[in-house]
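A structural walkthrough
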Amino acid sequence: MPPRMLPEPTPETRHFWDGCRAGELRLQRCTDCGGEAYFPPRPFCPKCGGRKVEVFPASGRGVLWSYVINHRPRPDMGDQPYAIAVVKLAEGPTMMTNIVGCPQTPEALQLDMPLKVTFARQSDEISLPFFEPAGA
Amino acid sequence: MKPKSVAVVGAAETTQMGKIPDVSVIGLHADAALNAMADAGLKPSDIDGVATAGISPVELAHYLGVTPTYADGTSVGGCSFMLHVRHAAAAINAGLANTILITHGESGRSRVGASGWARSPSSLMGQFEMPYGVTSPPTMFTVPVLRYLKTYGLTEEDLAWVAVIQREWAAKNPRASFKDPITVDDVLNSAMIAWPFRMLMCCLVTDGGGALILTSADRARDFPKRPVYVLGTGESVETPMVSQMADFTSSKAFRVSGQKAFAEAGIGHADVDHLMIYDAFAHLPLYGLEDLGFCQPGEAAAFIRARHTAPGGRLPLNTNGGGLSYMHSGMYGMYALQESVRQMRGLAPAQVDGAKISVCHGVGGMFAASGTIVFSNEAP
């Protein structure tokens with residue numbers, strides 16, 4: 001199996017990937033216009049354009065927002081169908097991810113099920129943020 | 001006639017369509033362009049503006065021997081050609097050029113002279129979507145759909161009906177890739193691609209091209225074919241990442257583009273005789289019908305099941321068979337435009353009798369972009 005396709009951080013996203021490596025899901029918010037969390041990372045507020053933004057640790061909680069189950073796996077993803085999912089984070093933003101600790105079936109993957117983040121180390125630099133069922 | 005009106009005076013697809021292993025990408029552009037020039041009675045030296053996507057307008061102009069005073073390389077996916085029409089209308093009115101050629105060519109199936117489809121791992125998509133195993137459009141464009149279905153209490157059967165009814169239109173079109181009737185069961189039993197999407201809910205992958213020529217409406221009556229006037233245009237973009245759509249049940253780009261085009265044309269929904277909605281996948285006509293305002297949110301599936309968009313229905317939709325059954329080279333928007341022009345000329349294989357206004361709505365990327373054109377065969 002070829003090595004998994006991994007992100008290459010840029011200066012504007014470095015804090016996010018450093019956070020994942022440290023086991024922390026980091027979002028950003030504006031300190032000028034109300035503090036709404038946003039994603040993906042950028043050094044300014046996408047709502048007001050202000051540059052006074054801060055990085056903060058997110059709760060790592062969310063719900064399963066939508067997904068597909070890819071039946072034609074990419075070579076670096078193995079040979080079994082897998083869900084390409086979007087989680088809606090408790091802080092508001094949506095984020096693409098994979099769901100782990102759970103069968104990759106429509107029956108097991110119910111929309112709005114609670115999820116929590118878990119980090120999977122891929123290299124010295126990159127750990128990917130996956131989500132798993134948060135349980136009752 | 002309203003001042004500053006613009007019309008399509010040349011329109012054609014490639015000579016062949018489907019599987020064309022002996023023509024490269026730029027060759028498909030050129031074949032479509034030469035056919036459109038023949039349709040309009042023009043030569044390359046008559047063209048003073050070029051627009052294209054996929055290849056650069058520089059490549060196009062040089063290859064055809066055109067010396068333009070206007071070049072548009074807007075490339076936002078399959079609806080790029082709707083944006084080219086919009087920009088061409090503005091350019092003609094601003095005096096940047098008089099006769100603008102818009103081309104598309106794509107060797108989607110045979111991949112002759114085609115470039116790759118790679119995203120840099122440092123792009124936003126490369127960082128925040130590619131690591132999770134997305135591949136081709138069936139694994140991305142489809143991601144919002146389960147949320148849409150759950151919100152409105154719909155199922156994959158509602159997606160299947162879209163494909164079934166479009167095949168009825170394709171059956172009337174000799175150039176359609178797939179013409180045999182299909183049933184909902186056929187769709188739901190076709191190969192699973194990316195749950196809940198099955199093969200027959202996904203577009204074809206074929207080779208082909210198309211081209212349009214636009215000029216000012218006051219010149220348009222001197223051309224051999226009946227002019228097709230541009231009444232209104234719209235465009236917008238939302239996000240390069242489908243996971244970042246603001247609302248998984250509605251496309252902001254569709255809404256903005258559609259409203260702009262309808263307002264500019266000064267028409268209401270009841271004025272529309274014929275509709276094209278770019279259908280890369282079966283959910284797109286549902287989103288399109290709702291976001292353009294033909295249906296209330298969540299009601300498009302029932303509207304299609306009630307056969308309002310089918311042959312004989314009151315809102316004929318995707319009358320060439322669409323990307324699901326007619327053809328889909330990758331950037332299908334050009335073929336939707338061609339069908340609108342054919343309908344307005346009265347020359348479509350599945351002609352809508354007496355149609356005077358056609359709305360042609362495109363999508364680019366995975367809900368990334370949108371363009372909408374309102375055509376009429378009556379001078380504005």
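Above this text you will find the structure in question.
Below you will find a few notes about this structure. (Residues numbered from 1 in each chain as written. Chains lettered and ligands numbered in written order. Predicted model: local features only at pLDDT ≥ 70, side-chain atom pairs only at ≥ 80, totals over all residues.)

Section: the overall build of chain A
Applied cut-off: Helix numbering and strand numbering both begin at the N terminus, where a helix is a DSSP run of H or I of at least 4 residues and a strand a DSSP run of E of at least 2. Throughout, radius of gyration means the C-alpha value; the globule benchmark is 2.2 Å times the number of residues raised to the power 0.38. Buried means a residue has 20 or more other C-beta atoms within 10 Å of its own C-beta, exposed means 12 or fewer, and partly exposed covers the counts in between; C-beta atoms are placed from the backbone. Here contacts are defined at the residue level, using C-beta atoms placed from the backbone and a cut-off of 7 Å between them.
Check the secondary structure of chain A and you find one helix and eight strands. Secondary structure elements in chain A, listed N-terminal to C-terminal, are α-β-β-β-β-β-β-β-β. Against the globule reference of 14 Å for 136 residues, chain A gives a C-alpha radius of gyration of 16 Å, in line with a compact fold. Burial analysis of chain A (136 residues in total) assigns 30% to the buried set. For chain A, the share of sequence-separated contacts (at least 6 apart) that also reach a separation of at least 24 residues comes to 49%.

What about the packing of helix α9 (residues 252-265) of chain B against helix α10 (residues 284-291) of chain B?
Residue and element names in this part refer to chain B. Let me state the cut-off plainly: The angle between two axes is taken between their N-to-C directions and runs from 0 to 180 degrees, where each axis is a line fitted to C-alpha atoms and a helix contributes only its stretch in contact. Every angle not falling under 35 degrees, over 145, or within 65 to 115 is termed oblique; those three ranges are roughly parallel, roughly antiparallel and roughly perpendicular. Crossing handedness is defined as follows: a turn of the near helix away from the far one that is anticlockwise and smaller than a right angle gives a left-handed crossing, while the clockwise case is right-handed.
Interhelical geometry of α9 versus α10 gives an angle of 50° and a closest axis separation of 9 Å. In terms of orientation, α9 and α10 fall into the oblique class. Seen from above, α9 lies across α10 with right-handed handedness. Facing F254, R255 and G258 of α9, the residues of α10 in contact are Y287, G288 and D291.

Section: helix α5 (residues 145-152) of chain B
Within the sequence span of α5(B), burial applies to B:V145, B:L146, B:R147, B:Y148 and B:L149. Buried positions along α5(B) lie against β4 (61-70) of chain A. Backbone geometry just downstream of α5(B) places B:G153 in the positive-phi region, at approximately 65°.

Quick word on the sheet that holds strand β4 (residues 100-107) of chain B
All names here are of chain B. Counted only if it meets this: Here, any two strands with at least 2 DSSP bridges between them count as paired.
Read from one edge to the other, the open sheet built from nine strands follows the order β3-β2-β4-β7-β1-β8-β11-β10-β9, with strand pairing classed as mixed. Strands at the two margins of the open sheet, each flanked by one partner only, are β3 (70-72) and β9 (274-277). Strand after strand, the sheet turns through a mean of 20° between neighbouring axes, direction not considered. The pairing of strand β2 (residues 49-52) with β3 spans three bridges and is classified as parallel. From the neighbouring strand, G49 faces β3, where its bridge partner is Y70. Helix α2 (residues 57-64) contacts β2, β3 and β4 of the sheet and is inclined by roughly 130° relative to β2. Sheet strands in contact with α10 are β9 and β10 (357-364), and its direction is about 125° off that of β9.

A word on unusual backbone geometry
Trans peptide bonds make up most of the peptide bonds, and negative phi angles are found at most residues other than glycine. For the peptide bond that leads from A:F39 to A:P40, omega is 0°, which places it in the cis range. Mapped onto the elements, A:P40 comes out in the loop between β2 (37-38) and β3 (53-57). Here the residue pair B:W195 and B:P196 is connected by a cis peptide bond, since its omega of 5° sits within 30 degrees of zero. Along the chain, B:P196 falls in the loop between β5 (192-195) and β6 (197-198). Of note in this structure, B:R307 is not a glycine but carries a positive phi near 70°. With respect to the helices, strands and loops of the structure, B:R307 is situated in the loop between α11 (300-305) and α12 (322-325). Since 14 C-beta atoms lie within 10 Å of it, B:R307 is described here as partly exposed. Positive phi values are uncommon outside glycine, yet B:F367 reaches one of about 60°.

Quick word on the environment of A:A83
Residues and elements named next belong to chain A. Tracing the chain through its elements places A83 in strand β5 (residues 82-89). The sequence separation of A83 and G49 amounts to 34 residues, and the corresponding C-alpha distance is 34 Å. Contacts of A83, omitting those with residues within four sequence positions, involve Y67, I69, N98, I99, Q104 and L109.

What about the sheet that holds β2(A)?
Residues and elements named next belong to chain A. What the three strands build is an open sheet, ordered β2-β1-β3; its pairing is antiparallel. Each end of this open sheet is capped by a strand with a single partner; those strands are β2 and β3. Both strand β1 (residues 26-30) and β3 contribute to a ladder of five bridges, which runs antiparallel. Note that in β3 the partner of L27 across the bridge is F56.

Brief notes about the interface of chain A and chain B
Note the following rule: Three classes are used, and their members are as follows: Ala, Val, Leu, Ile, Met, Phe, Trp, Tyr, Cys and Pro are nonpolar, Asp, Glu, Lys and Arg are charged, and the others, Gly among them, are polar.
On the side of chain B, 28 residues touch chain A, which itself brings 28 residues to the contact. Those elements that place two or more of their residues in the side of chain A that touches chain B are β4, β5 and β6 (94-97) of chain A. Top element by residues in the side of chain A that touches chain B is β4(A). It accounts for six residues. Considered class by class, the residues forming the side of chain A that touches chain B number 17 nonpolar, eight polar and three charged. In the sheet, β4(A) pairs with β5(B) via two bridges, with the strands oriented antiparallel. For A:N70, the partnering residue across the bridge sits in β5(B) and is B:A194.

Considering the environment of B:S177
Residue and element names in this part refer to chain B. Mapped onto the secondary structure, S177 falls in the loop between α6 (156-170) and α7 (184-188). We classify S177 as buried; it has 20 C-beta atoms within 10 Å. Residues S177 and S120, spaced 57 residues apart in sequence, show a C-alpha to C-alpha distance of 34 Å. Excluding residues within four positions of it along the chain, S177 makes contact with G18, L204, T206, S325, Y326 and M327.

What to know about the packing of helix α1 (residues 25-40) of chain B against α2(B)
Residues and elements named next belong to chain B. Between α1 and α2, the shortest axis-to-axis distance is 10 Å and the interhelical angle comes to 60°. Between α1 and α2, the angle is such that the two are oblique. Two packed elements cross with a definite hand, and for α1 against α2 that hand is right-handed. Within the contact between the two elements, α1 uses I26, H29, A30 and A33 and α2 uses E59, L60, Y63 and L64. Taken together, the residues of the contact of α1 with α2 break down into six nonpolar, one polar and one charged.

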